[in-house]
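Below, each chain spelled out in residue letters.
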Amino acid sequence: MVFNKVSVVGLGYIGLPTAAVIASRGIEVIGLDVSQKAVDTINQGKVHIVEPDLDMVVQAAVTMGKLRASMTPEPADAFMIAVPTPFKDGNQPDLSYIEKAAKAIAPVLEKGNLVILESTSPVGATEKLAAWLQEYRPDLHFPGQGAAEPNVNVAHCPERVLPGRVLEELVSNDRIIGGLTPKCCDRAIQLYKHFVRGECIPTNARTAEMAKLTENSFRDVNIAFANELSIICDELKIDVWELIALANRHPRVNILRPGPGVGGHCIAVDPWFIVDSAPESARIIRTAREINDHKPEYVIGKVKAAADQFKRPVIACMGLAFKADIDDLRESPALDITLQLANANVGQILAVEPNIDCLPEKLQNKNIQLVSLPEALERANVLVVLVDHKPFKALSSNDINTKVVVDTRGLFSRF
């Protein structure tokens, strides 16, 4: 199968880098997004998200005429869907973005096309995608939707990249490719081999879906152990950073460092997809999620206790992103802690986030100011370290020795 033109649906933190990398291989790429601002920005050769070197790759691809963005679907040889998959009330998966993507591309689908779901999804989502496409295009045949031989291929290939290293890992990481049929899998592998140096490993769609959920749930369980340990150590008056450093000297122990919770669109969300699919059996996974979801509340209690030491507390929340050195605020415990502190009227709240230029909408019209790190150090009497951004790591003990510090990242620990 020849891939002369690929359509990437959703130009966010995964879709845009994927589109740019494919375009850099000489394939024409049309990026589809619902945001006019994102479309206009990309067509100017610029980016609307922070990711190292992405701006250069996008600019080159746009300049060469291999990448352009649009709000209107166009025919293509392959369609890669990279839209959000959040959860609804009760932690149930919300597949509405996938359904909308299916409805958008259905009118331009043709026989022989390949449709790949990259969005991290609960088990069975790829089958639902095929069913929605069949509903919108009854003249075509999709796998699993009747006795006729499918003439459109559908597969699932979950993204497996680390923010801050997306361009590198899109190319170097192994990819798990699950087809609804073996032929679907083969077609998808042919596409990924255009830009992936890692191994393309074939399986079925359900296993591919579960593999991504398993990877993130494994991380979540390990983070929950560290976060629970930090709470226990506070209760027992033990330095958790020293304890972990000592325990990790065992050759078969590798405890992660605790934090203020777990954020991002993957680890903070995906385990709930497993819990939703097998609620009676996913006991450890559920408990880990509950521990990590509770950690921000615990941190807020520590900040309130610190603020009580001052008549006029000024609290600097250091970091809003869900991890270091990125601008991604999705499911960020740091952002949630900052918002809850403002809502509780604990004191004047200063937000320090070097990777954004303005406060996100949910923090606007609150008692929150976005300030620089030097201004925060000058004005605040309470520092709350929520993210270990590089500028924060560069601080010395002299910068903080007059402050009360709540350090959720061990930034100022000697261990």
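Residues numbered from 1 in each chain as written. Predicted model: local features only at pLDDT ≥ 70, side-chain atom pairs only at ≥ 80, totals over all residues. Heavy atoms only, no water.

Here we come to the sheet that holds strand S3 (residues 67–70). Pairing is mixed across the open sheet formed by eight strands, whose spatial order is S3-S2-S1-S4-S7-S8-S9-S10. Only two strands of the sheet have a single partner each, and these edge strands are S3 and strand S10 (200–204). Direction aside, neighbouring strands of the sheet carry axes that sit 25° apart on average. When strand S1 (residues 5–9) meets strand S4 (residues 78–81), the two strands line up parallel, connected through four bridges. (Pairing = 2+ DSSP bridges. Helix = DSSP H or I, 4+ residues; strand = E, 2+ residues; numbered from the N terminus. Axes fitted to C-alpha atoms, helices over the stretch in contact; angles between N-to-C directions.)

On to the nonpolar core. Val6, Val58, Leu67, Ile177, Leu191 and Tyr192 are the most contacted members of the largest nonpolar core, which totals 42 residues. Among the elements that take part in this core, helix H1 (residues 15–24) stands out by supplying six residues, more than any other. By size, the runner-up hydrophobic cluster in this structure holds 29 residues, among which are Ile315, Leu329, Leu339 and Ile349. (Core = buried A, V, L, I, M, F, W, Y, C linked by side-chain atoms within 4.5 Å. Buried < 20%, exposed > 50% of the residue type's maximum accessible area, 1.4 Å probe, protein only.)

Time to look at the sheet that holds strand S15 (residues 404–407). Ordered by their spatial adjacency, five strands build an open sheet running S13-S12-S11-S14-S15, and the pairing between neighbours is parallel. Across the chains shown, the open sheet's two edge strands, defined by having one partner strand only, are strand S13 (368–370) and S15. Each neighbouring strand pair of the sheet contributes to a mean axis angle of 20°, computed without reference to strand direction. Relative to S13, strand S12 (residues 348–352) is paired through three bridges, and the arrangement is parallel. Counterpart to Ile349 in the pairing with S13 is Ile368.

The next thing to look at is the pairing of strand S2 (residues 28–32). The buried fraction of S2 amounts to four of the five residues, a majority that puts the element mostly inside the structure. The pairing of S1 with S2 spans five bridges and is parallel. Bridged to Val8 within S2 is Gly31. Handedness of the crossover joining S1 and S2 through H1 is recorded here as right-handed. Both S2 and S3 contribute to a ladder of four bridges, which runs parallel. Its bridge partner lying in S3, Ile30 is registered against Arg68. (Right-handed = clockwise from strand over helix to strand, strands pointing away.)

Take the pairing of S4 next. Burial along S4 is two-sided: the residues Ala78 and Met80 and Phe79 and Ile81 are all buried. Where S4 lies against strand S7 (residues 114–117), four bridges are found, and the strand directions are parallel. Note that in S7 the partner of Met80 across the bridge is Ile116.

Inspection of every chain in the model, using the stated rule, returns one aromatic pair. Geometrically, the ring pair formed by Tyr192 and Phe195 is tilted, given 5.5 Å between the ring centres and 45° between the ring planes. Judged by relative accessible area, Tyr192 falls into the buried class, the value being 0%. A residue is classified by how much of its surface remains accessible, and Phe195, at 2% relative accessible area, is buried. We note Lys100 situated over the ring of Tyr97; from NZ or CZ to the ring centre the distance is 5.8 Å. (Phe/Tyr/Trp six-rings, centres within 6.5 Å; stacked < 30°, edge-to-face > 60°. Lys NZ or Arg CZ within 6 Å of the ring centre and 35° of its normal.)

Taken as a whole and assessed by the stated rule, the structure comprises 16 salt bridges. Here Arg289 and Asp293 are joined by a salt bridge, their closest N and O atoms 2.7 Å apart. Taken together, the residues span about one helical turn, with Arg289 and Asp293 both in helix H11 (residues 283–307) at a distance of four residues. Owing to a relative accessible area of 0%, Arg289 belongs among the buried residues under this scheme. On the basis of relative accessible area, Asp293 is assigned to the partly exposed category, the value being 43%. A salt bridge links Asp328 to Arg330; the nearest nitrogen and oxygen atoms lie 2.7 Å apart. Classification of Asp328 as buried rests on a relative accessible area of 1%. (Salt bridge = Lys/Arg side-chain N within 4 Å of Asp/Glu carboxyl O.)

In this fold, Thr41 is placed in helix H2 (residues 36–43). Residue classification places Thr41 among the buried residues on the basis of a relative accessible area of 16%. Look past the residues within four positions of Thr41 in its chain and what remains in contact with it is Lys46, Val47 and His48. (Contact = heavy atoms within 4.5 Å.)

Another aspect to go through is unusual backbone geometry. With the exception of glycine, most residues fall at negative phi, and the peptide bonds are largely trans. Not every positive phi belongs to a glycine, and Asn91 is a case in point at roughly 60°. Tracing the backbone shows Asn91 in the loop between strand S5 (87–88) and strand S6 (92–93). Under the relative-accessibility criterion, Asn91 is labelled partly exposed at 23%. Positive phi values are uncommon outside glycine, yet Asn365 reaches one of about 60°. Locating Asn365 in the fold gives a position in the loop between S12 and S13. According to the relative accessible area criterion, Asn365 is exposed, its value standing at 82%.

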